[in-house]
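Structural overview
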Amino acid sequence: MDTVRFGIVGYGNMGSHHARSLQAGLIEGASLGAICDTDPAALERARQKHQVPLFGTHQEMLAARVCDAVLIATPHYSHPPIALDAFAAGLHVLSEKPVAVSVNAARKLNEQYQSRYSHLKFGIMFQQRAYTLWRKLREVIASGEVGEIRRVTWIVTDWFRTWAYYGSGGWRATWAGEGGGVLINQCPHNLDLLQWLLGGMMPTRVTAVASIGKTHPIEVEDEVNAILEYPNGATGHFVTSTGEAPGSNRLEIAGDRGKLVAEGGQITFFRTVESVDVINRTSPKLFPLVETWKCEIPVPPDPGKHHEQVVRAFVSGIRQGTPLIAEGVEGVRGLELGNAMLLAGLTRQPVELPMDGEAFDRFLEELTHRYGGRKTLSGTAVQVDLAESFR
């Protein structure tokens, strides 16, 4: 295939960004083939900027056979059905995050893809995997320099959002529109990195405290504090909020040979001269001073244009069979972490992984039915009510 023609599904903030990148020729071997959006106003904006076929639905665009791949940039719930329709039409799929709202929907999408459409490319827009900071951190962890992982702690509270932000769209911060709050909207990249940096290491148990409308008049969660338990005995912590300022973004990964800290675009390795486990078991001293070297890990310059990097890799995968930055089937991992944190946090009950996808769907349906798009809730009252309902 000489040129991959992309059909953009959804001409909002991200859809229009991808359309501009393709039209500007920033993606070698790719072109903008078509745009579709169910909103006539969005199509009119597209008409003024792009000389490509426009459609009111993705089904009409697929039937027109004017593209080779689709890039999905629509509201969250529609990602799986659009992807399946595109696969059925013989098109490659690159989806914005999240791959789905629920782990159950993501699993079903993966099953269909792997059993029927694996000859097509399926990618997800996890552009933070292209950041040189995270790539370098993953490389250091994979090298074994830090030893067996004992603890991972991520405080990511620099997602401050105002009431005006949540009031800017009727779909925002609703169970029916987004399927959740900070975990499904702001944190999918962090949750993906949480497992990707560790080579796919996933917990087996999650406990959490989550708050609905703690600092905003919304019906979804805007603060989460979670604890993760891993098979090897390691412990994880994930803290996030859209109501804290100034926020933090600090990731600590502790292992048998020291601790890695990623913060402010830098990686610092506090490396112990000896194995911590060996010192613990063999030292005769009651309060030994563990010799530690502070090492600044050099991070290569970041070229930026991370979304474009993901699209370029996707195009190269179609044309030359090279690896993608993020395979679409991998989107289920971070999503499961978020689903588990939400379920555990609102019910105040631990969640075992792999989690029961059907149970989470019922939980989400109950939330959607109960609150129906209202944006005025009392966080404490909602939490107690949910804990009783799903106990």
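Parameters and conventions
- Residues numbered from 1 in each chain as written.
- Predicted model: local features only at pLDDT ≥ 70, side-chain atom pairs only at ≥ 80, totals over all residues.
- Heavy atoms only, no water.
- Pairing = 2+ DSSP bridges.
- Helix = DSSP H or I, 4+ residues; strand = E, 2+ residues; numbered from the N terminus.
- Contact = heavy atoms within 4.5 Å.
- Axes fitted to C-alpha atoms, helices over the stretch in contact; angles between N-to-C directions.
- Core = buried A, V, L, I, M, F, W, Y, C linked by side-chain atoms within 4.5 Å.
- Buried < 20%, exposed > 50% of the residue type's maximum accessible area, 1.4 Å probe, protein only.
- Salt bridge = Lys/Arg side-chain N within 4 Å of Asp/Glu carboxyl O.

Another point: the sheet that holds strand S8 (residues 205–212). Pairing is mixed in the open sheet, where 9 strands are placed in the order S14-S13-S12-S11-S7-S10-S9-S8-S15. The open sheet is flanked by strand S14 (292–297) and strand S15 (351–352), the only strands paired with a single partner. Across 8 bridges, the pairing between S8 and strand S9 (residues 221–229) is antiparallel. Residue pairing across strands places threonine 207 opposite isoleucine 227, the latter belonging to S9. With respect to the sheet, helix H6 (residues 132–143) is in contact with strand S7 (149–156), strand S11 (249–255), strand S12 (258–263), strand S13 (266–272) and S14, its orientation differing from that of S12 by roughly 175°. Those strands touched by helix H12 (residues 331–347) are S8, S9, strand S10 (235–241) and S15, and its axis lies near 65° from that of S8.

Bringing the nonpolar core into the picture now. By size, the foremost hydrophobic cluster in this structure holds 92 residues, and its most contacted members are Val70, Trp134, Leu137, Phe238 and Met341. The element that contributes the greatest number of residues to this core is H12, accounting for 9 residues. Not counting chain neighbours up to four residues away, the residues in contact with leucine 137 comprise Leu197, Leu251, Ile253, Leu260, Ala262 and Ile267. Of all hydrophobic cores here, the second largest spans 26 residues; its members include Ile27, Ala42, Leu94 and Ile318.

Here isoleucine 318 shows up in helix H11 (residues 306–320). C-alpha of isoleucine 318 to C-alpha of glycine 334: the two residues are 16 residues apart in sequence and 25 Å apart in space. Contacts of isoleucine 318, omitting those with residues within four sequence positions, involve Met1, Val4, Ala69, His92 and Lys121.

Before going further, it helps to examine the pattern of salt bridges. Throughout the structure, instances matching the rule amount to 16 salt bridges. When the shortest N-O distance is used, the salt bridge between arginine 107 and glutamate 336 registers 3.1 Å. Highlighted residues: arginine 107 in helix H5 (residues 103–116) and glutamate 336 in helix H12, separated in sequence by 229 residues. Look at arginine 107 and you get partly exposed, because its relative accessible area is 24%.

In this section: the environment of alanine 73. Take alanine 73: it is sitting in the loop between strand S4 (69–72) and helix H4 (79–88). A sequence separation of 182 residues divides alanine 73 from glycine 255, and the C-alpha atoms of the two residues are 38 Å apart. Setting aside residues no more than four positions away along its own chain, alanine 73 makes contact with Val9, Gly10, Met14, Gly15 and Glu96.

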